[in-house]
Amino acid sequence: TFISIFSVFIFGLFRMRKECRMLSNEKQPFKIYKEDIKEGWKMAIPCMIQQGVMYISSAVIQPSINTLNSSAIAAYSICVQLYDICTIFFYSASKGLTTVCTQCYGKGKVNLINKCFFISSIQGILLSAPIAIIMIVFPNTVASLFLQEGDLLTASYIARYITLCFPFIALATMTN
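Here the structure is a predicted model, which is why all the values come from computation and not from measurement. (Residues numbered from 1 in each chain as written. Predicted model: local features only at pLDDT ≥ 70, side-chain atom pairs only at ≥ 80, totals over all residues. Heavy atoms only, no water.)

A. Up close: the overall build of the protein. For the protein, the count of helices and strands is 7 helices and 0 strands. Helices and strands appear in the protein in the N-to-C order α-α-α-α-α-α-α. For the protein, with 176 residues in total, the buried portion stands at 20%. At a minimum sequence separation of 6, the contacts of the protein that also span at least 24 residues come to 65%. (Helix = DSSP H or I, 4+ residues; strand = E, 2+ residues; numbered from the N terminus. Buried < 20%, exposed > 50% of the residue type's maximum accessible area, 1.4 Å probe, protein only. Contact = heavy atoms within 4.5 Å.)

Next up, the structure:
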């Protein structure tokens, strides 16, 4: 994994350098400025901390879950997938917003960024909220979709997780 990530990083740098040269109107060599790097880090560090906390907490939680019975392990795995289903639309909308914002900024239409932010937020909420609400209102039915009939213990774990944790999805998506 490390080798593939590092390889993509290196090839990506070369590709970006080539693209930046093609986009440049002047015949200046490609150069990275310290100010740009500082600005990039100001935006990247909070994101890195948020993602790091999520992954580290998973690494801390997973061993304790593994000590439980197989129903708890299965429920946890299913709940992670359910969380992804609930948030995929919101995260996709926010990634689209990132693209639109950079295009607006590049074209000098900065005044459109607030409008794009509002539209993207509404779009993400409108697509994610119904799924989350259905899961919160009908947790037992949702749990039964992923299990064989009669697996009541796993179903109860899933339903409990949905009932207790899914209302907090609103906070997770807002921080995105």
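B. Looking closely at the nonpolar core. In terms of nonpolar packing, the biggest core is built from 16 residues, with Leu82, Cys86, Met135, Ile158, Ile162 and Phe166 touching the most fellow members. Going through the elements one at a time, α3 (70-106), α4 (112-137), α5 (139-144) and α6 (152-165) are the ones with two or more residues in this core. Sorting elements by how many residues they give to this core places α3 first, with 6 residues. Once residues lying within four places of it in the same chain are set aside, the contact partners of phenylalanine 166 are Cys79, Leu82, Tyr83, Cys86, Met135, Ile136 and Tyr161. (Core = buried A, V, L, I, M, F, W, Y, C linked by side-chain atoms within 4.5 Å.)

C. Representation of the side chain of threonine 154 within the structure. Structurally, threonine 154 can be placed in helix α6. Given a relative accessible area of 1%, threonine 154 falls into the buried group. Leave out the neighbours within four places in its chain, and threonine 154 touches Ser71, Ala74, Ala75 and Leu147.

D. Molecular detail of the state of the cysteines. Applying the stated criterion across every chain, the model contains 0 disulfides. Cysteine 79 carries a free sulfur, and the closest cysteine sulfur to it, the one in cysteine 165, is 7.8 Å from it. Since its relative accessible area comes to 2%, cysteine 79 is described here as buried. (Disulfide = S-S within 2.5 Å.)

E. Focus on the packing of helix α2 (residues 34-66) against α3. Between α2 and α3, whose axes approach to 9 Å, the crossing angle comes to 150 degrees. Considering their axes alone, α2 and α3 lie roughly antiparallel with respect to each other. In contact with Ser58, Ile61, Gln62, Ile65 and Asn66 of α2, α3 contributes Ala72, Ile73 and Tyr76. Grouping the amino acids of the contact of α2 with α3 by side-chain chemistry returns 5 nonpolar, 3 polar and no charged. (Axes fitted to C-alpha atoms, helices over the stretch in contact; angles between N-to-C directions. Parallel < 35°, antiparallel > 145°, perpendicular 65-115°, else oblique. Nonpolar A, V, L, I, M, F, W, Y, C, P; charged D, E, K, R; others polar.)

F. Quick peek at a nonpolar patch on the surface. Taken together, the side chains of Ile32, Ile37, Trp41, Ile45, Met48, Ile49 and Val53 make up a nonpolar region of the molecular surface, amounting to roughly 700 Å² of accessible area. Tracing the backbone through its elements, the reader meets isoleucine 49 in helix α2. (Patch = residues over 30% accessible without salt bridge, like charges linked within 9 Å, V, L, I, M, F, W, Y side chains within 5 Å. Areas by Shrake-Rupley, 256 points an atom, 1.4 Å probe, with all protein chains shown as cover. Salt bridge = Lys/Arg side-chain N within 4 Å of Asp/Glu carboxyl O.)

G. Layout of the side chain of serine 71. Take serine 71: it is sitting in helix α3. Note on serine 71: relative accessible area 13%, which makes it buried. Within polar-contact distance, the side chain of serine 71 engages the side chain of threonine 154 at 3.1 Å. With sequence-adjacent residues up to four places away left out, serine 71 is seen in contact with Asp151, Leu153, Thr154 and Tyr157. (Polar contact = N/O pair within 3.5 Å; in protein donor to acceptor, adjacent residues only side chain to side chain.)

H. Structural detail: α6. Between its first and last C-alpha, α6 extends 20 Å over 14 residues, near the 20 Å set by a 1.5 Å rise per residue. Regarding α6, the residues found buried are Thr154, Ala155, Ile158, Ala159 and Ile162. Burial along α6 is one-sided: seen end-on, the buried residues are contained in an arc of 135 degrees. Across from the buried face of α6, at angles greater than 90 degrees, the exposed residues are Leu152 and Leu164. In the core, the buried residues of α6 are packed alongside α3, α4 and α5. (Expected span 1.5 Å × (residues − 1). Arc of directions from axis to C-beta.)

I. Layout of α4. Taking 1.5 Å per residue as the helical rise, α4 with its 26 residues ought to reach 38 Å, and the 37 Å between its terminal C-alpha atoms agrees with that figure. By the largest-angle criterion, serine 128 marks the main kink of α4, which is about 30 degrees, and a proline, proline 130, follows within four residues. All of the buried residues along α4 are Cys116, Ser120, Ser121, Gly124, Ser128, Ala132 and Met135. Contact partners of the buried residues in α4: α3, α5 and α6. (Bend = angle between axes of the 7 residues up to and from the residue.)

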